Amino acid sequence: MTRTVERAAAIFLVRSMLGFVYLFAGIQRIPNGTPFDYAVAVLEIGLGGLLLAGFWSRRALRCLALLIVGITLYYGIDGLRNPMGVTAMNIMVVNFYILPRAALIIVNLFLPAEDDLLSVDAIVDGRVRRLSRGAQAAARTPSESV
Amino acid sequence: MGTASDRSWAIFVARTILGVVFCIAGIHKTFVYGPLEHAGRLFVEPYADTFLPVWALWATGTVVPIVELVAGALVLVGFWTRPALVALLGVLVLVTFGHLLVQPATSIVPFIMPRSTLLLVVLLMPPDEDRYSLAYLFR
């Protein structure tokens, strides 16, 4: 039980962190005001919100995986057009924008979805109910056997 | 661990970002600098006062951009991924040695360590789980 709660808490930490990163990135992008910014902001806010709630989180993670790969390709091509240093790509973008987000996405994907109990997904598919029933049954068993 | 499909997505993210970073650097060094210019400016001149033989500096400085370009492209598309990763690992070890020979220990943090981390993620995962790759498509 404790292990289950610890795993759920660990997954909640990395999922909510990634959710907040995208949610606030989207919100902060809105004042920029170009149609492209609005489109990306809607995507970031939507996917960040889904991750925060833990609703369709695996689907949201896969969308974010495609998004971060697309953004990396964009900045790669941009680096060839406007090279910055010997590696061409902007090191600040790679190290402080792309890689931290990619790391959170990768860690989230590696963690087991079935242990993500502090989420709307777990409530909807009945995992929380089954777990609480199991815990109640385990608590009753010793007293019944006496 | 996540499901096999989730792990495949995680490997896809790590592999493609690693591939883009190395391939772009390789394209820039090969076609903008040129391998010889790259070797002269970044390998021969900065290490002229060290014990390293000049012929070795020319050789490695000329080869590194091409290795980064070819291996980066292979990693990006996921074809011959393992040999390409080993080649990039060799580049990372080489440039780690080179940086630390003439610069402080922190000099490897911004460029070399993030790339090494991504490379390790891909290298340590089973190749069979890299489903979103050309190698998996043509197996």
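Placed above this text is the structure.
Residues numbered from 1 in each chain as written. Chains lettered and ligands numbered in written order. Predicted model: local features only at pLDDT ≥ 70, side-chain atom pairs only at ≥ 80, totals over all residues. Heavy atoms only, no water.

> I'm lost on unusual backbone geometry in this one. Help?
Negative phi values dominate among residues other than glycine, just as trans dominates among peptide bonds. In the Ramachandran plot, A:Ala88 falls in the positive-phi region, its phi being about 75° despite a non-glycine side chain. Note on placement: A:Ala88 falls in the loop between α3 (57-81) and α4 (91-110). The residue B:Trp80 is not glycine, and still its phi comes out positive at about 50°. Within the fold, B:Trp80 resides in the loop between α3 (54-77) and α4 (81-102). (Helix = DSSP H or I, 4+ residues; strand = E, 2+ residues; numbered from the N terminus.)

> Looking at this model, I keep getting lost on the interface of chain B and chain A. Mind explaining?
The extent of an interface is frequently quoted as the accessible surface area lost upon association of the parts. Taken together, the contact pairs 30 residues of chain B with 29 residues of chain A. Contact between chain B and chain A buries roughly 2,500 Å² in total, counting both sides, with carbon and sulfur atoms accounting for 79%. Three residues, B:Asp6, B:Trp9 and B:Ile24, lead the burial of chain B against chain A; their summed loss comes to 22% of the area buried on that side. We note a salt bridge from A:Arg58 to B:Asp6, for which the minimum N-O separation is 2.9 Å. Here chain B and chain A share four residue pairs in polar contact (both at pLDDT 80 or more) between them. Going through the elements one at a time, α1 (4-33), α2 (35-44) and α5 (112-124) of chain B are the ones with two or more residues in the side of chain B that touches chain A. In terms of residue count, α1(B) provides more of the side of chain B that touches chain A than any other element does, 18 residues in total. Classifying every residue of the side of chain B that touches chain A by side-chain character gives 20 nonpolar, six polar and four charged. (Contact = heavy atoms within 4.5 Å. Buried area = accessible area lost by both parts, 1.4 Å probe. Salt bridge = Lys/Arg side-chain N within 4 Å of Asp/Glu carboxyl O. Polar contact = N/O pair within 3.5 Å; in protein donor to acceptor, adjacent residues only side chain to side chain. Nonpolar A, V, L, I, M, F, W, Y, C, P; charged D, E, K, R; others polar.)

> What's the story with the layout of surface pockets in this structure? I'm lost.
Rolled over the atoms, a probe as big as a water molecule pinpoints where empty space is left. Computed from the structure, the largest pocket encloses a volume of approximately 610 Å³. Forming the boundary of the largest pocket are 29 residues, of which B:Leu42, B:Phe43, B:Tyr47, B:Val95 and B:His99 lie nearest the centre. Of all the secondary structure elements, the ones that give two or more residues to the lining of the largest pocket are α1, α2, α3, α4 and α5 of chain B. Of the residues forming the lining of the largest pocket, the biggest block, eight residues, is contributed by α4(B). Residues of the lining of the largest pocket, tallied by class, amount to 20 nonpolar, six polar and three charged. There is about 250 Å³ of room inside the second largest pocket. Forming the boundary of the second largest pocket are A:Arg29, A:Phe36, A:Val40, A:Glu44, A:Leu67, A:Gly70, A:Ile71, A:Tyr74, A:Tyr75 and A:Tyr97. When residues of the lining of the second largest pocket are traced back to their parent elements, those giving at least two are α2 (35-53) and α3 of chain A. It is α3(A) that provides the largest number of residues to the lining of the second largest pocket, a total of five residues. By residue class, the composition of the lining of the second largest pocket is seven nonpolar, one polar and two charged. (1 Å grid on protein atoms, 1.4 Å probe; cavity = no way out; pocket = protein on both sides within 12 Å on 5 of 7 lines; lining within 4 Å. Points joined across faces, edges and corners; volume = space filled by probe spheres on them.)

> Explain the packing of aromatic side chains to me, please; I cannot follow it from the model alone.
Two numbers describe a pair of aromatic rings. These are the distance of the centres and the angle of the planes. All names here are of chain A. A full pass over the atoms with the stated rule returns eight aromatic pairs over all chains. With 6.0 Å between their ring centres and 25° between their planes, Phe20 and Phe24 make a pair best called stacked. Here Phe20 pairs with Phe24, and both are found in helix α1 (residues 2-29), just four residues apart, close to one helical turn. The exposure class of Phe24 is partly exposed, given its relative accessible area of 41%. On the basis of an interplanar angle of 70° and a centroid distance of 6.2 Å, the ring pair of Tyr75 and Tyr97 is categorised as edge-to-face. Linking Tyr75 in helix α3 with Tyr97 in helix α4, this pair joins segments that are 22 residues apart in sequence. Judged by relative accessible area, which is 18%, Tyr97 ranks as buried. (Phe/Tyr/Trp six-rings, centres within 6.5 Å; stacked < 30°, edge-to-face > 60°. Buried < 20%, exposed > 50% of the residue type's maximum accessible area, 1.4 Å probe, protein only.)

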